[in-house]
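Secondary and tertiary structure notes
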Amino acid sequence: MLTKTLIFAQSALIAALAASAAAQAPTTLKDAYKNDFPIGAAINAAQISGSDARGDAILKEQFNSISPENALKWERIHPQPGKYDFTLADQYVALGQEFHLFTVGHCLVWHNQVPGWVFRDDKGNLLGREALLARLREHIQTVVGRYKGKIQSWDVVNEALNDDGTLRPSMWLKIIGPDYIEKAFAYAHEADPAAQLTYNDYNIEFAAKQAGAIALVKKLKAGGIPIAVVGIQAHLQPDSPTAEQEDAAITAFAALGVKVAISELDINILPLPGHGPTADVTLKLAQDPALNPYAKGLPEEAQQKIADRYQALFQVFAKHRADLQRVTFWGISDGDSWLNDWPIAGRTNYPLLFDRNGKTKPAFDTVIRAAAYN
Ligand code: XIL
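Side note on the packing of helix H7 (residues 129-146) against helix H9 (residues 180-191)
For the pair H7 and H9, the least separation of the axes is 9 Å and the interaxial angle reads 35 degrees. At the point where H7 passes H9, the crossing takes the right-handed sense. Contacts between H7 and H9 involve Arg129, Leu133, Leu136, Arg137, Ile140, Gln141, Val144 and Gly145 on the former and, on the latter, Tyr180, Lys183, Ala184, Tyr187, Ala188, Glu190 and Ala191. Residue composition of the contact of H7 with H9, grouped by class: nine nonpolar, two polar and four charged.

Right under this line is the structure:
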């Protein structure tokens, strides 16, 4: 009898402990990583303007940082000479203010999503160096100045490097020369001295491009340019770059005395024939149903593969908590992701932690679990 009572008491105690552990276990991303780094999401126009109620509910519950997927890019915010359109950008920043989110600006200088007029005079001739620098300074002063103190971190220069680590032959480089990067950082600093200024790129986990990025950061620092952060975009394939490569890349950049942002995280499970990891937004491949294998759903095995991959990645991120400014997903739910339309329009992809119905996926659970690592 006594033994029976003891066993009963014991199992009641175990049940109570389990229940209280469950009650205490973090159930949101931002809680799970609250002592580590902000967890961000890139948000789209529907989420910024409030017309995606489900997306906004997930954002407010789970995330404590935002990035603008497109709303602050040059073509959106400054579509014509002398004409700015801050409608969506203002709403974006107001959302960040209202919900106390670490608010990222993306991006000031890029070779994509920048209108052609930026590089030409009103007769259509290419601008000279000084004229383009003046235009760049005006843009940066206007945009960064408008959100001074409200955008905490700016991607000042995006994707300036080729995969071999040399400077990409963009219009910025061709017209201004390699110091367009220093100039952009200096203008941004002038406009908001407190903003954390970032160089952002993809594939800087790989040796040659990483060496180029390291050389760039060293050069900026040597010239007294206030670069505070390197953004590793982390648009990942199922097997590459590996978690070990992320680990090594964070270590390498942190050693330069900057923070690292994992700035655009997603995992692309769909085939990208003929291409290694890339985030070149201009890449286009032909429609082919064979390249859209999971249109009707993701097999359990593939679902688990993404979950395991995210677990390994977040174990690395958790370990590097002191080095990381934030970890930002490039979207909230699978249905929002740019990877449904790039580099082939209309595919069905599964890159994020929330499914098309806004429900958490197995990868959400592994990411929460990885927070306990270390
Ligand atoms: C992507 C957006 O997600 C798409 O909506 C848009 O059509 C193209 O740009 N690297 C970046 C991001 O720095 O700005 C890109 O975002 C994805 C790759």
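Still to come is the rest of the account.
Points about the side chain of glutamate 264
By the secondary structure assignment, glutamate 264 is in strand E8 (residues 259-267). Looking at glutamate 264, its side chain comes within polar contact range of the side chain of asparagine 200, at 3.0 Å. Excluding anything up to four places from it in sequence, glutamate 264 contacts His106, Asn200, Ile232, Gln233, Ala234, His235, Thr328 and Trp330.

Some words on the environment of valine 260
By the secondary structure assignment, valine 260 is in strand E8. A relative accessible area of 0% places valine 260 in the buried class. Sequence spacing of valine 260 and arginine 326 is 66 residues, and the spatial spacing of their C-alpha atoms is 7.6 Å. Ignoring anything within four residues of it in the chain, the contact list for valine 260 reads Val229, Val230, Ile232, Ile250, Phe253, Ala254, Asp323, Leu324, Gln325 and Arg326.

Quick notes on the nonpolar core
Nonpolar side chains in soluble globular proteins generally cluster together in the buried interior. Core analysis: the biggest nonpolar cluster contains 106 residues, and Trp172, Phe253, Leu265, Tyr310, Phe314 and Phe317 have the highest contact counts within it. The contacts of tyrosine 310, once residues within four sequence positions are left out, are Leu265, Asp266, Ile267, Phe329, Pro351, Leu352, Leu353, Ala363, Thr366 and Val367. Of all hydrophobic cores here, the second largest spans nine residues; its members include Ala42, Ala279, Trp330 and Leu339.

A closer look at the packing of aromatic side chains
Taken as a whole and assessed by the stated rule, the structure comprises 16 aromatic pairs. With 5.8 Å between their ring centres and 40 degrees between their planes, tryptophan 74 and tryptophan 172 make a pair best called tilted. With tryptophan 74 in helix H5 (residues 74-77) and tryptophan 172 in helix H8 (residues 171-176), this pair connects stretches of sequence that are 98 residues apart. With respect to burial, tryptophan 74 and tryptophan 172 carry one shared label: buried. When the ring of tryptophan 338 is compared with that of tryptophan 342, the centres are 4.6 Å apart and the planes differ by 25 degrees; the resulting orientation is stacked. Per residue, the accessibility class of tryptophan 338 equals that of tryptophan 342, and both read buried. Taken together, the aromatic side chains of Tyr33, Phe37, Phe63, Tyr310, Phe314, Phe317, Phe329, Phe354 and Phe364 make up a single cluster linked through ring pairs.

The rules we used
Residues numbered from 1 in each chain as written. Predicted model: local features only at pLDDT ≥ 70, side-chain atom pairs only at ≥ 80, totals over all residues. Heavy atoms only, no water. Axes fitted to C-alpha atoms, helices over the stretch in contact; angles between N-to-C directions. Helix = DSSP H or I, 4+ residues; strand = E, 2+ residues; numbered from the N terminus. Left-handed = near helix turned anticlockwise from the far one by under 90°. Contact = heavy atoms within 4.5 Å. Nonpolar A, V, L, I, M, F, W, Y, C, P; charged D, E, K, R; others polar. Polar contact = N/O pair within 3.5 Å; in protein donor to acceptor, adjacent residues only side chain to side chain. Buried < 20%, exposed > 50% of the residue type's maximum accessible area, 1.4 Å probe, protein only. Core = buried A, V, L, I, M, F, W, Y, C linked by side-chain atoms within 4.5 Å. Phe/Tyr/Trp six-rings, centres within 6.5 Å; stacked < 30°, edge-to-face > 60°.

Shape descriptors only; they carry no functional weight alone.
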